[in-house]
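Here is what each chain is made of, one letter per residue.
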Amino acid sequence: MSKRLRYLFFGLLLLVAAAVMVFWFWLTATPQVRTFPTPPLSLWTPQGVRETGPTASAVLPAPDAFHTMHVNTVNSDEIWSAIAPTFEADWVAETGFYIAEGPTFDNTGNLYFSPSWSPEDVSLVALDRVTGKRRWTIPGKGAGAGAPLVLNDPAHPGQQLIYHSTYTTAMALRPDGSTVWSVPTGLKLPPVVPGQRSQTHMWGMNYMPNADALVAVSMDGWVTLFDRKTGAPLLTQAFQLPGAPAARIEARIPKFLARLANREMAAAFGNTDDGLGLFDTILDVIYGNGVNVANYYAVDPSDDSIVIAATAPDAQDGKTDGVSDNGALYRLRLQTAASGQGSLQIANQFYFSGGTGSTPTLSANGRYVVVSDDNGNVITLDRQFKELWRLNVGDQVAASVAVAADGDEMFAVTKSDIFKLHNAGTSGRIVWRAQLDAYPGFSNFNALTPTIVANGVVVSVGAGRQLGRSQIGTQFGMGLLDRQTGQLRWFAQGREESIAVTSIGPDGSIYVAHSPVRRAVARGVMGDKIAPLIGGIQRYRPTRFDLLARDASCAAARLAQRWQATGLEHAASRRDDEAQIHMLLKQAREATTRALERGEISTPLHAAQANLFGKALASGPFAATHQQATQSLCQAAQ
């Protein structure tokens, strides 16, 4: 080789080495959160007549926090209270648990979750929601039991019970961990076979108010019902959905990346009992590989029907091969016999191509159902599952579509984006695509389901680098979107990623269940350039209670204006508006007291506001005097 060629060769080597170094520094750079100013009051106002559900139940809690996987029986992902518009990361607890569902909350200050995977022998964990300290656990290591269900206990007014079901045992528990009842589900665990993944995950319990019954659904398609008060079985035998296991979708991620991610998962959470990687297991659930039911389910409180997104029967896709290529939506109804036990019947079914990645969501009164398919379509159906409209958002919709009671608003997410949709009855349209700009100079993307609150939409945003269609996410946190514009009002950096839900507690704090997926891939590639994976729960605490009082008071004031403009013929809408107004005013009053204790407001202002709260919350039917005091509170808080 001539001297000139040698110089050229070494020069090219240096250029390649330099390019690799530049790429590596670019890839491993740490995203930094931009500075957010104090958020002004949102301009969003409730529009039109409110969508209402059935009358208040003695058993179902008010939607002031997450009491089920998606707030309530219809999976609205909407709570009536506000969150603090400024917040920061607080404690992290129980980091050894991989948690893909929950947490949920009771009214005494506790939160509950069931780990999806843990080396410890537990199926349910209770924490103090203020400190994160463990209170008690229920044994039962397995494939996970979903988000615990929290309901009121009418036999003891003011108290609540926790309902929890593993594959073999259903139970009702008091907040101190003591047992009210515990009964067998009638399902039997199959033997553990090395190399074969368990399909015995339970999706958490739901509630049928008319029958006063509890529902449990398993990943392999079994449905069981129990009497809420006693745990007595309400079916002569468990019902099995007719769908076949979903066909496997391979090569969603390169195998070498999956191997790296499995290694990181094992280092953080231990090896799985079946010998298969936890990362692969989670991806199979996300994409529905080999499962019958890959999501939580809904109960229509108006008629107790159960709505489940699952797989279609084997032959429905045109071939009989033991698997299903298509998804299905089933509506089940309970047929009760004279003996008190009964059976479930399929009342309606709807098939669609490619399966679904979402939990079905019902409107508050159950008049329509919202689901998605693998092809990026949000699909809205009527009660009989007749399609009303579908809208393509460009990529597969993840998790459930959040459905608001106001303005026919919906919020759908993909792996990258958050969309606000408008439901016009026979058509849908995109109102805005959220401006996710928490981390300047990096790829920002959606990281979790949205939660609708009285003062915005709570979301998770991740950041990292975009490589083709793949996102290498290294940093994650929680933000509050303006419901009117889709812009971030506030954002706070967190410790870990989640694929659970954006869970809100009764104190206006955000709680996130850690379940890393994208960060498992990123750490597999980058190693110690990013922090180790952790599980557990993280709390995001309020930092300005005066702003929480402002947002809650003004949300109540805008609802009061709508209440006044709503005709008397819409009595149920006025009833729900009034109930939410009272909830927000009580929240604002508590926040005002905290703001005084922290020196955020003056003593004279607190005294003036206390007088107005007394008038706005005075007993008796909501009237003009209550409304005037509510408007004055909003003005005083600004």
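Starting afresh in each chain, residues are numbered from 1 along the sequence in its written order. Since the coordinates come from a predicted model, pLDDT governs what is reported: local features require at least 70, and pairs of side-chain atoms require 80 or more to be given and counted, while whole-chain, interface and lining totals use all residues. The side-chain numbers reported here are obtained from all heavy atoms of the structure, hydrogens and water having been left aside.

Chemist: Is there a simple way to think about the overall build of the protein chain in this case?
Modeler: Along the backbone of the protein chain there are eight helices and 33 strands. At 25 Å, the protein chain has a C-alpha radius of gyration in line with the 26 Å of a compact globule built from 638 residues. Counting only C-alpha atoms, the protein chain reaches 95 × 65 × 50 Å along its principal axes. When a residue's accessible area, from a 1.4 Å probe over protein chains only, is under 20% of the maximum for its type it is buried; when over 50% it is exposed; and in between it is partly exposed. By the burial criterion, 58% of the 638 residues in the protein chain qualify as buried. A 1.4 Å probe and the Shrake-Rupley method give the accessible areas. Residues count as covered only by the protein chains that appear here. Carbon and sulfur atoms make up 55% of the accessible area of the protein chain, which totals about 24500 Å². Elements are defined by DSSP. Helices are runs of H or I of four residues or more, strands are runs of E of two residues or more, and each kind is numbered from the N terminus. In this setup the radius of gyration rests on C-alpha atoms only. A globule is expected at 2.2 Å times the number of residues raised to 0.38.

Chemist: Any chance you could explain the nonpolar core here in plain terms?
Modeler: The nonpolar side chains of a soluble globular protein tend to be buried, and buried together. We define a nonpolar core as any set of buried Ala, Val, Leu, Ile, Met, Phe, Trp, Tyr and Cys residues linked to one another through side-chain atoms lying within 4.5 Å. Membership of the largest hydrophobic core comes to 79 residues, with the highest contact counts inside it found for V223, I306 and I308. When residues in this core are grouped by element, the largest group, five residues, is from strand β28 (residues 456–467). Residue contacts are defined here by distance: any two heavy atoms, one from each residue, within 4.5 Å place the two residues in contact. I306 has contacts with M208, V215, L225, Y297, A298, V299, Y330, R331, L332 and L344, leaving out every residue within four places of it along the chain. Among the nonpolar cores identified, the runner-up in size contains 26 residues, and A84, W563, L617 and F622 belong to it.

Chemist: What is the right way to look at unusual backbone geometry in this model?
Modeler: As a rule of thumb, non-glycine residues mostly have phi less than zero, and peptide bonds are mostly trans rather than cis. Looking along the chain, the bond that leaves G102 and enters P103 is cis, with omega of 5°. In this fold, P103 is placed in the loop between β1 (87–93) and β2 (104–105). One non-glycine residue, D77, adopts positive backbone phi at about 55°. Assignment of secondary structure puts D77 in the loop between α1 (3–28) and β1. Positioned with a positive phi, D304 is a non-glycine residue whose angle comes to about 70°. Summarising the element assignment, D304 is placed in the loop between β14 (298–299) and β15 (306–311).

Chemist: Got a minute to help me understand the sheet that holds strand β9 (residues 179–184) in this structure?
Modeler: The strands that make up a sheet are held in pairs by hydrogen bonds between backbone atoms, and each pair lies either parallel or antiparallel. DSSP bridges decide pairing: two strands pair if at least two such bridges lie between them. Sheet architecture is open: four strands sit in the order β6-β7-β8-β9, paired in antiparallel fashion. Two strands close off the open sheet at either side, each with one partner strand: β6 (149–152) and β9. Taken pair by pair, the neighbouring strands of this sheet meet at an average axis angle of 20°, ignoring direction. The pairing of strand β8 (residues 169–173) with β9 spans five bridges and is antiparallel. Each residue of the ladder has a partner; that of A172, found in β9, is W181. Lines fitted to the C-alpha atoms define the axes, with helices restricted to the stretch that makes contact. Angles between their N-to-C directions range from 0 to 180 degrees.

Chemist: Which parts of the structure should I look at to understand the pattern of salt bridges?
Modeler: Pairing between side chains of opposite charge can happen when the charged atoms of each approach one another. Take a side-chain nitrogen of Lys or Arg and a carboxyl oxygen of Asp or Glu: if they are within 4 Å of each other, that pair is a salt bridge. A full pass over the atoms with the stated rule returns 37 salt bridges. Of the charged contacts in the structure, one is a salt bridge between R34 and D437, with a shortest N-O distance of 3.2 Å. Here D437 lies in the loop between β25 (428–433) and β26 (443–446) and R34 lies in the loop between α1 and β1, a separation of 403 residues in the sequence. Exposure remark for R34: the relative accessible area of 25% places this residue in the partly exposed category. A relative accessible area of 23% places D437 in the partly exposed class. R594 is the salt-bridge partner of E597, the closest N and O atoms lying 3.6 Å from each other. In this pair, E597 and R594 are both assigned in helix α6 (residues 571–597), three residues apart and thus about one turn of the helix distant. Of the residues examined, R594 reaches a relative accessible area of 37% and is grouped as partly exposed. Salt bridges sharing partners connect three or more residues here, namely E88, D90, R129, D507, R539 and R541.

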